[in-house]
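If you want the building blocks of each chain, they are given just below.
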Amino acid sequence: MKKILAGIFAALLLSVGVQAQQHEADRLRHAGEVLMEILNIPDNIPKSVLDKSECVIVIPSVKKLAIGIGGNYGRGAMTCRGGANFSGGWGPPAMVALEGGNIGFQLGGQATDFVLLVTNPRGARAVLSSKVKLGADASAAAGPKGRNAEASTDVTLRAEVLSYSRARGLFAGISLAGSTVRPDNSANENIYGKKLDAKDIIFKGVVRVPPSGRALVDYLNKKTPKNLSDPTSLK
């Protein structure tokens, strides 16, 4: 009887693990789909802004789960340009979580997609190191939109993270100041099949792009293959 119960328990654990891996793979694929959809709508993220971004974070289908701070969260993926000083192609994604009270204000009870652009190395390293509070640990602002939008505003130049949202087909730059972004290490383990630090995924190239992340990475490499930031800002 004990052997039977142990076998059942082991089978249940295996099933749960497989389901978790599939769930994160679906989330990563969805992140790629969301980014492609957003970058193909009129008045989307200005290419001049995207071309000067070191990393892109996509949080698909964030939903309001409860009332109050901490009741709202979303999970998604972050990919960065590779190589020294973010001068290479887009690399393997690390999974991240977006949490905080300000998300609820933006949601208004609707499922919402978020795209965050990390615009300098300091912001990228901060997000990958620990839980970062936007507007405090990393400067943040609503991103400019429109193909002809002026990208070199004072706010854009100062911000380390620019954020956008899409809900019910409406796309806009929004502020997520007060929300937090952190690495989602359990999701990374489900995606890559082993425990990995988010910084190792992004900066050390210890893994290859998984099949579920290929659409996201390939599209960015096609859309913005070269980092056009001032080279002095990438040191």
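This section reports on the structure supplied with the text.

Calculation criteria
- Residues numbered from 1 in each chain as written.
- Predicted model: local features only at pLDDT ≥ 70, side-chain atom pairs only at ≥ 80, totals over all residues.
- Heavy atoms only, no water.
- Helix = DSSP H or I, 4+ residues; strand = E, 2+ residues; numbered from the N terminus.
- Buried < 20%, exposed > 50% of the residue type's maximum accessible area, 1.4 Å probe, protein only.
- Areas by Shrake-Rupley, 256 points an atom, 1.4 Å probe, with all protein chains shown as cover.
- Disulfide = S-S within 2.5 Å.
- Core = buried A, V, L, I, M, F, W, Y, C linked by side-chain atoms within 4.5 Å.
- Contact = heavy atoms within 4.5 Å.
- Pairing = 2+ DSSP bridges.
- Arc of directions from axis to C-beta.

## Considering the overall build of the protein chain
Alright, step 1. Tallying secondary structure elements over the protein chain gives eight helices and nine strands in all.
Alright, step 2. Sorting the 235 residues of the protein chain into buried and exposed places 49% on the buried side.
Alright, step 3. Just so you have it, the protein chain exposes about 11600 Å², and 55% of that area is on carbon and sulfur atoms.

## Observations concerning the state of the cysteines
Alright, step 1. One pass over the full model with this rule turns up one disulfide.
Alright, step 2. Linked covalently through their sulfurs, C55 and C80 form a disulfide whose S-S length is 2.0 Å. The chirality of the disulfide connecting C55 with C80 is right-handed, given an S-S dihedral of about 105°. Of this pair, C55 sits in strand 1 (residues 55-64) while C80 sits in strand 2 (residues 72-80), and the two are 25 residues apart along the sequence.

## So, the nonpolar core
Alright, step 1. Core analysis: the largest hydrophobic core is formed by 58 residues, its most contacted members being V56, I57, M78 and L117.
Alright, step 2. Apart from the residues within four sequence positions on either side, V56 is in contact with L35, L50, A77, M78, T79, W90, V115, L116, L117 and L220.

## Observations concerning the pairing of strand 7 (residues 161-167)
Alright, step 1. Counted residue by residue, strand 7 has seven buried out of seven residues, so it is predominantly covered.
Alright, step 2. Here strand 7 shows two buried faces, one formed by V161, S163, S165 and A167 and the other by L162, Y164 and R166.
Alright, step 3. In this structure, strand 4 (residues 112-118) lies alongside strand 7, joined through six bridges in antiparallel fashion. Across the sheet, the residue bridging to F114 is S165, located in strand 7.
Alright, step 4. Pairing between strand 6 (residues 140-142) and strand 7: three bridges, direction parallel. Along strand 7, the bridge assignment pairs A141 with L162.
Alright, step 5. Across four bridges, strand 7 lies against strand 8 (residues 170-173) in antiparallel orientation. From the neighbouring strand, Y164 faces strand 8, where its bridge partner is G173.

## Here's the deal with helix 6 (residues 185-192)
Alright, step 1. All of the buried residues in helix 6 are A187, N188, I191 and Y192. With its buried residues spanning 120° around the axis, helix 6 presents them on a single face.
Alright, step 2. Phi turns positive one or two residues past the end of helix 6, at G193, with a value near 80°.

## A word on unusual backbone geometry
Alright, step 1. Backbone geometry places D43, a non-glycine residue, at a positive phi of 55°.
Alright, step 2. Here D43 shows up in the loop between helix 1 (2-38) and helix 2 (47-50).
Alright, step 3. Even without a glycine there, the phi angle at F86 is positive, about 55°.
Alright, step 4. Residue position: F86 is located in the loop between strand 2 and strand 3 (94-99).

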